[in-house]
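Working through the structure, step by step
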Amino acid sequence: MTTDTPTRAAKSRAVRHRGALLFFLAPFGVLFTLFYIVPIFYAVYQSTLVVERDSTFGPARQVFGGLTQYIAVFQNDAFWQSIGRVMLFGIVQVPVMLGIALLLALLLDSPLVRGTKFFRLAFFAPYAVPGVIAAIMWGFLYSPNLSPFTDVTRAVPFLSGELVLWSIANVVTWVYVGYNMLIIYSALLAIPQEIYEAARLDGAGQARIAWSIKIPLVVPALVLTGIFSIIGTLQLLAEPQVFRSFTSTVTSDFTPNLLIYSTASVPNVSLAAAMSVVLALTTFILSFTVLKLTQRRTQA
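Described below are features of the structure shown in this document. Computed from a predicted model, the values in this text were never measured in an experiment.

1. Focus on the packing of aromatic side chains
- Here the structure, examined in full by the defined rule, presents 18 aromatic pairs.
- Their ring planes at 80° and their centres at 5.2 Å tell us that Phe79 and Trp80 sit as a pair that is edge-to-face.
- Taking relative accessible area as the criterion, Phe79 reaches 0% and is therefore assigned buried.
- Centroid distance Phe284 to Phe288: 5.9 Å. Interplanar angle 20°. Geometry classified as stacked. Of this pair, Phe284 and Phe288 both sit in helix 13 (residues 269-299), 4 residues apart, which is roughly one turn of that helix.
- The exposed category is assigned to Phe284, whose relative accessible area is 54%.
- Classification of Phe288 as partly exposed rests on a relative accessible area of 43%.
- An aromatic cluster of three or more residues is present, and its members are Trp138, Phe140, Tyr142, Phe158, Trp174, Phe243 and Phe246.
- It is Arg85 that lies over the ring of Phe254; its NZ or CZ is 5.0 Å from the centre.
- Its guanidinium or amino end placed over the ring of Tyr196, Lys214 lies 5.3 Å from that ring's centre, counting from NZ or CZ.

Written as structure tokens, this is what we have:
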């Protein structure tokens, strides 16, 4: 009797706790289902439809078309060129941004640096600027006729076809480097101080500690920020859309999301939905591949 009573009491408390958990999780579950799960299924459903007419000027109606829209996506050269463009963007921009974020995080974590609270806020401040506002601001700085640095913008054509992609990369880096720095810096703060003390007793300096201890221990944070950055790269929309008002070199098919937005505005919602599904699958496959490759290297 003495043994069974605590067990029954624990089970009853677990049941009550389960009910409380469901009560608090229910609002999130409802919103997640309505605004994430349902739109995904609706996009997949919409991507299977095609428009048919009885005659040239007959009324349009949507009917089931199977994989017709997906075949059109895989035959759409502009879509795959836009994916190739943002992948080139990510191959260059993501490592540069994460490298700067890692360097800033190491500087903030160094005992030799003073005023870390001020610099932490200063580095993170650009992330508080909405992406559209940041793109407008940098667009004015890049424009030869509007920039206060006319000598520089006339000598270097930031908005030309050769440089506009990297001008956009600069905007994205400026906005998100502080966000990634904060994630890496949080990982650095979680490292036990005893490890640093043992390294100092062995005669290691700050540079050696950073290279041999800090960087290897924050690799999971770097992988996390890398995955987020890859997803964000393939979702690039706000910056190129704003830059279209500053230069004609950014076309309606410059990035996948811009092409999807333009296609849906035609309107060809079913083709845009098929593009969205293919882009989502491409993002998942690429992110999953990078995650698995980094996990194998860290485990090795």
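Back to the text.
2. Some points on helix 9 (residues 206-217)
- Every buried residue belonging to helix 9 is among Ile209, Ala210, Ile213 and Lys214, and all of these are buried. Mapping the buried residues of helix 9 onto a view down its axis gives an arc of 125°, with all of them on the same face. Of the exposed residues in helix 9, those oriented more than 90 degrees away from the buried face are Ala207, Arg208 and Trp211.
- As for helix 9, its buried residues are in contact with helix 3 (77-109), helix 7 (164-189) and helix 8 (193-201).

3. Section: the side chain of Thr283
- Note on placement: Thr283 falls in helix 13.
- Since its relative accessible area comes to 10%, Thr283 is described here as buried.

4. Focus on the nonpolar core
- The biggest cluster of nonpolar side chains holds 20 residues, and the ones touching the most others in it are Phe89, Tyr142, Ile168, Val171, Phe243, Val250 and Phe254.
- Contributing elements (two or more residues each) for this core: helix 5 (131-142), helix 7 and helix 11 (238-243).
- Broken down by element, the residue count for this core peaks at 7 residues, all from helix 7.
- Core analysis: the next-biggest nonpolar cluster, separate from the first, contains 19 residues, Leu102, Ile184, Ile209 and Ala210 among them.

5. Examining unusual backbone geometry
- Omega for the bond connecting Val266 with Pro267 falls within 30 degrees of zero, at 10°, which places this linkage in the cis form.
- Secondary-structure assignment places Pro267 in the loop between helix 12 (256-264) and helix 13.

6. A few points about the pattern of salt bridges
- Under the defined criterion, the tally for this structure stands at 2 salt bridges.
- A salt bridge links Arg61 to Glu52; the shortest N-O distance between them is 3.7 Å.
- Arg61 sits in the partly exposed class, given a relative accessible area of 37%.
- Asp109 is the partner of Lys214 in a salt bridge, and the nearest nitrogen-oxygen pair spans 2.9 Å. Of this pair, Lys214 sits in helix 9 while Asp109 sits in helix 3, and the two are 105 residues apart along the sequence.
- Its relative accessible area of 4% is what places Lys214 among the buried residues.

7. A closer look at a nonpolar patch on the surface
- Judged by side-chain polarity, Leu88, Ile91, Val92, Val96, Ile100, Phe149, Val152, Val156, Leu163 and Trp166 come together as a nonpolar surface patch covering roughly 820 Å² of accessible area.
- Here the nonpolar patch gets 5 residues from one element, more than from any other, and that element is helix 3.
- Take Val96: it is sitting in helix 3.

8. Considerations on the environment of Gln62
- Mapped onto the secondary structure, Gln62 falls in strand 2 (residues 60-64).
- For Gln62, a relative accessible area of 45% puts it in the partly exposed group.
- Along the primary structure Gln62 and Thr249 are separated by 187 residues, whereas in three dimensions their C-alpha atoms are 35 Å apart.
- Residues in contact with Gln62, not counting those within four places in the same chain, are Gln46, Leu49, Val50, Val51 and Ser270.

Calculation criteria
- Per chain, the residues get numbers from 1 upward, laid out in the order the sequence is written.
- Two thresholds apply to this predicted model, a pLDDT of at least 70 for residue-level local features and 80 or more for giving and counting side-chain atom pairs, whereas whole-chain, interface and lining totals are computed over all residues.
- Hydrogens and water are ignored here; the side-chain numbers use all heavy atoms of the structure.
- When the centres of two rings from Phe, Tyr and Trp lie within 6.5 Å, Trp using its six-membered ring, the rings pair. Their planes under 30 degrees apart give stacked, over 60 give edge-to-face, and anything left gives tilted.
- Only protein chains enter the accessibility calculation, which uses a 1.4 Å probe; a residue is then buried when its area is under 20% of its type maximum, exposed when over 50%, and partly exposed in between.
- Helix and strand definitions here come from DSSP, where helices need a minimum of 4 consecutive H or I residues and strands a minimum of 2 consecutive E residues; each element is numbered from the N-terminal end.
- Remark: a charge is flagged as sitting over a ring if the NZ atom of Lys or the CZ atom of Arg is within 6 Å of the ring centre and within 35 degrees of the ring normal.
- To obtain the arc, one takes the directions from the helix axis to the C-beta atoms.
- A contact between two residues is defined here by any heavy atoms of the two lying within 4.5 Å.
- We call a set of buried residues a nonpolar core when its members are Ala, Val, Leu, Ile, Met, Phe, Trp, Tyr or Cys and they connect through side-chain atoms within 4.5 Å of each other.
- A pairing counts as a salt bridge when a side-chain nitrogen of Lys or Arg comes within 4 Å of a carboxyl oxygen of Asp or Glu.
- Two joining distances apply to patches: 9 Å for like charges and 5 Å for nonpolar side chains (Val, Leu, Ile, Met, Phe, Trp, Tyr), and every residue must have over 30% relative accessible area and no salt bridge.
- Working definition of accessibility: Shrake-Rupley area with a 1.4 Å probe, residue cover restricted to the visible protein chains.

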